Amino acid sequence: MTYLRLLQHRAPDGVRSVILAEGDAAHFLKGVTTTRELAQRAIAEGVTLADAAKAAGQGEAVDIKAELAAGNLLTPIDHDDSAHLLMTGTGLTHLGSAEGRNKMHQAAASGEHVTDSMRMFLEGLEGGKPAAGTEGQQPEWFYKGDGQLLVGPGEALTMPAFAKDGGEEPELAGIYLVGENGNVYRLGLALANEFSDHVTERHNYLWLAHSKLRQAALGPELLLGTPPEKIEGTSKIVRGGETIWEKPFLSGEGNMSHTFANLEHHHFKYDLFRRAGDVHVHFFGTATLSFADGVTTQEGDVFEIDAAPFTLPVSNPLARAAASAEATTTVKAL
């Protein structure tokens, strides 16, 4: 089965356009400059995003792999005002290995040393996929930042100068647009690297919020329509041209303890997340981390994440920001 994907393109002269891809074929859309613009058109006309893309008409054919290599592809969603693109996420949402689940159940059954994380994981297994018309268990939730922290294809994932670590998290991200009436529309899914500071998180789980205030990367493709029940991919780290760590990862609702609908409900139930015109990038979580296998990343490492039916990877090098001499964190009283 082939899936429709939307990609955002910026030519060397700065002119923007949108690409519609299906299988190995792709073409520019006529009269469309951004994914958000096309989504607004679809909402106004009461049609799906896929139908709006098809109705736009075919322009010139394009080789998306060549455009990726040339650095002409952008994130599949953005906003003119970065403050109106919000990045958030959920954790403890994936089943992981059967062995890991069994260990959790055994520890919970013993009544000894049951952590809050374990309790939340088990509650998700129990109530993360509620029956239609009922409310399911709410997941762990975190804030990542706004659109200024969203990184495009090939761009560096830059950890702050004070960061203890910069580590990958291979995930799916839901992409949403809030309509003028406050209704929320899922535009599709993107392959993502929800980059985090795992050393900070490990020191104290209550520092999770700190560890998540980092950049995040999206692959160039927005997958339209109903996604596969199960998505399987590979996450790897390349250092000096050689792969130093590689592992498969599983995602999609068939590999999760929560439905997308349940995660979406517990995010968008808050009025402040239904502000008309806002874009949301919501990361659905993962069960696969190089950090869990004892890998210490280094500046210059390249994170590469790929998974069908996406045809292009998420690939970003790791960098560290220099400490700023111009601005300080000292607050001055006025």
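Refer to the structure printed above.
Below, the structure is looked at part by part. (Residues numbered from 1 in each chain as written. Predicted model: local features only at pLDDT ≥ 70, side-chain atom pairs only at ≥ 80, totals over all residues. Heavy atoms only, no water.)

**Thoughts on the overall build of the protein**
Tallying secondary structure elements over the protein gives eight helices and 16 strands in all. Once the C-alpha set of the protein is aligned to its principal axes, its extents read approximately 60 × 55 × 55 Å. Residues counted as buried form 49% of the 334 residues belonging to the protein. Sequence separation of at least 24 residues holds for 72% of the intrachain contacts in the protein that already meet a minimum separation of 6. With the model as given, the accessible surface of the protein reaches about 16100 Å², and the carbon-plus-sulfur share is 51%. A gap of 2 Å separates the mean positions of the 27 positive and 44 negative side-chain charges of the protein. (Helix = DSSP H or I, 4+ residues; strand = E, 2+ residues; numbered from the N terminus. Buried < 20%, exposed > 50% of the residue type's maximum accessible area, 1.4 Å probe, protein only. Contact = heavy atoms within 4.5 Å. Areas by Shrake-Rupley, 256 points an atom, 1.4 Å probe, with all protein chains shown as cover. Lys, Arg positive; Asp, Glu negative; His and termini not counted. Charge placed at Lys NZ, Arg CZ, Asp CG, Glu CD.)

**Re the pairing of strand S10 (residues 184–193)**
In terms of burial, S10 is largely enclosed, as seven of its 10 residues are buried. As paired strands, strand S9 (residues 170–178) and S10 are joined by nine bridges and run antiparallel to one another. Looking across to S10, one finds that proline 170 is bridged to asparagine 193. Count of turn residues in the S9/S10 antiparallel hairpin: five residues, of which glycine 182 carries a positive phi of about 85°. Summarising the sheet, S10 and strand S11 (residues 216–223) pair through four bridges and their orientation is antiparallel. Of the residues in S11, the one forming a bridge with alanine 190 is leucine 222. (Pairing = 2+ DSSP bridges.)

**Quick look at the nonpolar core**
In this structure, Leu6, Leu29, Leu218 and Val281 are the most contacted members of the largest nonpolar core, which totals 31 residues. At five residues, helix H2 (residues 49–56) tops the list of elements feeding residues into this core. When near neighbours in sequence (up to four residues on either side) are disregarded, valine 281 contacts Ile77, Leu85, Leu86, Met87, Thr88, Ala173, Gly174, Ile175 and Leu218. Phe249, Leu263, Phe303 and Ile305 belong to the second largest nonpolar core, which has 30 residues in total. (Core = buried A, V, L, I, M, F, W, Y, C linked by side-chain atoms within 4.5 Å.)

**Focus on the sheet that holds strand S13 (residues 242–251)**
Pairing within the open sheet is mixed, and its five strands lie in the order S8-S16-S15-S12-S13. Only two strands of the sheet have a single neighbouring strand rather than two, namely strand S8 (157–159) and S13. Strand-to-strand twist in this sheet, taken as the mean axis angle between neighbours without regard to direction, amounts to 20°. Sheet analysis places strand S12 (residues 231–239) next to strand S15 (residues 302–307), joined by six bridges and oriented antiparallel. When the bridges of S15 are listed, threonine 234 appears paired with aspartate 306. (Axes fitted to C-alpha atoms, helices over the stretch in contact; angles between N-to-C directions.)

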